[in-house]
Structure formats: structure tokens, C-alpha cells
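Overview (structure and organization)
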Amino acid sequence: MSTDVFTQEIIKDALVAVGYEMFDAMIRTSMSPIIYETTDFAVGVTDARGNLLAQGNGVAAFLATLDTAAQSTLLHYPKAGDVLPGDVIITNIPYEGGGTHLSDVVILVPVFHERRLIAWTVNKAHWTEVGGAQAGSVSTNASEIFQEGLQFPFIKLYEQGRLNEALVAVIRANVRLPESTIGDMHAGVAAARVGARRVSELVDKYGVDNVVAAMEGLLDYGERMTREELTRLPAGVYEAEDVVETDGVGGGPFKIKVKVTISAEKISVDYTGTCGPAKGPINCSYTGLVTGVRCVFKAITNPEIPANGGCFRLLEIICPKGTLISAQAPAPVSLYYEPLITAM
């Protein structure tokens, strides 16, 4: 197989296009208006290690949730053979990779070539219902995560092509809108499988080594173009503080503190000094924080460069565990986006 630069560029562009096709598949097959009209979801492709290659966005604020979901999946299934062709993983745990709040459910499909894992296709979408104390599974007064809905801790929804009927039955019995919820689940699987099929077709056409090399080239391209943008930013140290006034259950105000250091080599964002978690559901997980910071980072560098993991090699995010914006279990997180907006 040829490894010339033109072939590599064709493959890289095709990988980016996979994200757009997955996006269209999700729109066409979902059953909830929050997905097919509001487009509260994101889809994309990572390499075998979970590095983001391409993303099709409805919600820009999911910019750190696809790759980190794949990376956490690898931690849950670390051994060869733990994940096999035909498997589909589901998760919505807020405190691990891919997590925001329980309504945002991640579905991951591993892509294999002759038993070699070469990529992941990922879909993250807001389900209208995942159970919990409040209709719609978003609470303004929850005091712990267990009031906010079902948790899917990196479970196999499909195992070697066989649907986990017991898990589907549990979901159906615990949500108020079972038909749309189960429909959105299958839509997420369909979108991820479309992406997996397209990646496999690229391998069949150009060879696995060429495709893997193009993945690395795409990441390097993202880093190279972003590094050029950093040289145009005013170097220095910038500090700010703000507050979230209340958590909905009587607590507050809650301070968020940040120090941003800009150089030609990287941008460092340090949230040391931010207050601890709230009793109410305005806590944000670390993954949620990362996605917010990535959005700002992308906006001030070059938003026209396709988002991939290479772009974010030049971004450092520091935040101690257990703050308002790096919440740990069982802190409630339904309204995670409130402190996230402040932190951005």
C-alpha cells in the first residue's frame, strides 16, 4: 500500500468526514426532540488509545467527553480480550471520563481489524429520561447523585453482537418515557456503528498501517497548527475570580478562582483556590471542566482547525480533586453547566 503524502491527506479528510456522517445518522434515527431538533449530542472517532481524531458537534461543550470516555473504558477493560468485536459499551458516570450529568449518556463501539483494536467510535447524547426523583432527570434540589437517575458504569450494552436484554429491561422499568429512551439508545448505537463501518472501509481500501499512520498525522497536524496560533497570543499570567451565588438548597456563594498562563509553548489553566463542592446539584465533574476549558482554548486559537487531541496537547488544566468544578461521588451534578459557565 502507498504511504505517499496525498494518500495520507485523503485518509485524514475521510476520518474528519466520518464525524459528520455519524452526526447525520444520529439526527435521523433519534426519537427525542432534544436530540433531533436541539442537537444536544456529539459524535466522533478516536484512535485505539482514546485520542480524539474527529468530532461532529451539536453541543460544543462535549469537546472533552468522547476521547476521555474511550480512555476510561480502556481502564475498565485493560486486558487483551476484555473488549471484542461486536461489543458496545454504555456509560454516564459523571466522575470518570466522558461524564457530565447522568442524562448525557455515552455509547462506545470498538473498531477492530483482525482482532487488533484500531479505533473507537463514540456517541454522547442527552436522553430525555434516565429516571430519578424528577421528571426529565434534571433536579434543582438533589443532594446526592442517587436522586438524579440511573448510572451506567461502563457496562456492555452489547457483548459480541448480543444485546444485553436484562440491562434494557432495567432501563425500561426505571424511566418515565421508555419508548423514546430506548429509541435514543438504539440511535446512539446506530450512529456509532456507522462510524465504525466507515473506519473499517478505510482500512479495507488503504490498509491498516496507512490508516493508523494517518491518525497520527492528523493529531500532529492539530498540534502543529495550534502551536502556530499560540505565538500570536499575548504571553503572560492572568488571574480572575467569580462566584456562583447559590446551589438551590440554601448554600452559597461559591468562589471559582483561575490563573491562566500563556506562553508560546502552552496555555496552563489553574483552578487552585476554588471552593469545595456544593450540597445542591450545581457541582461539575473534572471532565465537565475540561470540556469547558477546551472550548475557550479552541476559540482563542483557531476554531476552524478540526478539533482533535493534537490541538489539546498544548493545554494544561490544573484543578485539585473535590472542588465545585472537580466534584467526586456522590455529589449531585444535574446543573453542572452553571459553575462551568462561570469557570469558562
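Throughout what follows, the structure given in this document is the object of discussion. Because the structure is predicted, anything quoted here is derived from the model rather than measured. (Residues numbered from 1 in each chain as written. Predicted model: local features only at pLDDT ≥ 70, side-chain atom pairs only at ≥ 80, totals over all residues. Heavy atoms only, no water.)

So, on to the sheet that holds strand β11 (residues 315–318). Sheet architecture is open: 4 strands sit in the order β8-β9-β10-β11, paired in mixed fashion. The open sheet has two edge strands with one neighbour each: β8 (236–244) and β11. Shown here is a sheet whose adjacent strand axes are inclined to one another by a mean of 15°, direction ignored. Relative to strand β10 (residues 267–270), strand β9 (residues 254–262) is paired through 4 bridges, and the arrangement is antiparallel. Bridge pairing in β10 links Val260 to Val269. (Pairing = 2+ DSSP bridges. Helix = DSSP H or I, 4+ residues; strand = E, 2+ residues; numbered from the N terminus. Axes fitted to C-alpha atoms, helices over the stretch in contact; angles between N-to-C directions.)

So, about the pattern of salt bridges. In this structure the tally under the stated criterion is 17 salt bridges. Notably, a salt bridge pairs Arg313 with Glu223, separated by 2.7 Å at the nearest N-O pair. Of this pair, Arg313 sits in the loop between α7 (286–300) and β11 while Glu223 sits in helix α6 (residues 208–230), placing them 90 residues apart in sequence. Taking the relative accessible area as the measure of exposure, Arg313 reaches 39% and is therefore partly exposed. Among the ionic pairs, Arg227 bridges to Glu265, the shortest N-O distance being 3.0 Å. Of this pair, Arg227 sits in helix α6 while Glu265 sits in the loop between β9 and β10; the two residues are 38 residues apart in sequence, bridging distant segments of the chain. (Salt bridge = Lys/Arg side-chain N within 4 Å of Asp/Glu carboxyl O. Buried < 20%, exposed > 50% of the residue type's maximum accessible area, 1.4 Å probe, protein only.)

What follows concerns the state of the cysteines. Throughout the structure, instances matching the rule amount to 0 disulfides. Of all cysteine sulfurs, the one in Cys284 lies closest to Cys295, which takes part in no disulfide; the gap is 12 Å. A relative accessible area of 17% means that Cys295 is categorised as buried. Between Cys319, a free cysteine, and Cys284, which holds the nearest cysteine sulfur, the sulfur-to-sulfur gap is 9.0 Å. (Disulfide = S-S within 2.5 Å.)

A separate point is the packing of aromatic side chains. Tallied over the full model, the rule gives 4 aromatic pairs. Here Phe23 and Phe41 contribute two aromatic rings whose centre-to-centre distance is 4.8 Å and whose plane-to-plane angle is 25°, an arrangement assigned as stacked. Pair noted here: Phe23 is in helix α1 (residues 5–29) and Phe41 is in strand β1 (residues 41–47), with a separation of 18 residues, a long-range link. Using a relative accessible area of 0% as the deciding quantity, one classes Phe41 as buried. With centroids separated by 6.1 Å and ring planes inclined at 50°, the aromatic side chains of Phe297 and Phe312 adopt a geometry described as tilted. Here Phe297, found in helix α7, pairs with Phe312, found in the loop between α7 and β11; they are 15 residues apart in sequence, far enough to count as distant. Note on accessibility: Phe297 and Phe312 belong to one class, buried. Geometry around Phe62 places Lys124 over its ring, the cationic atom sitting 5.2 Å from the centre. It is Arg193 that lies over the ring of Tyr158; its NZ or CZ is 4.4 Å from the centre. (Phe/Tyr/Trp six-rings, centres within 6.5 Å; stacked < 30°, edge-to-face > 60°. Lys NZ or Arg CZ within 6 Å of the ring centre and 35° of its normal.)

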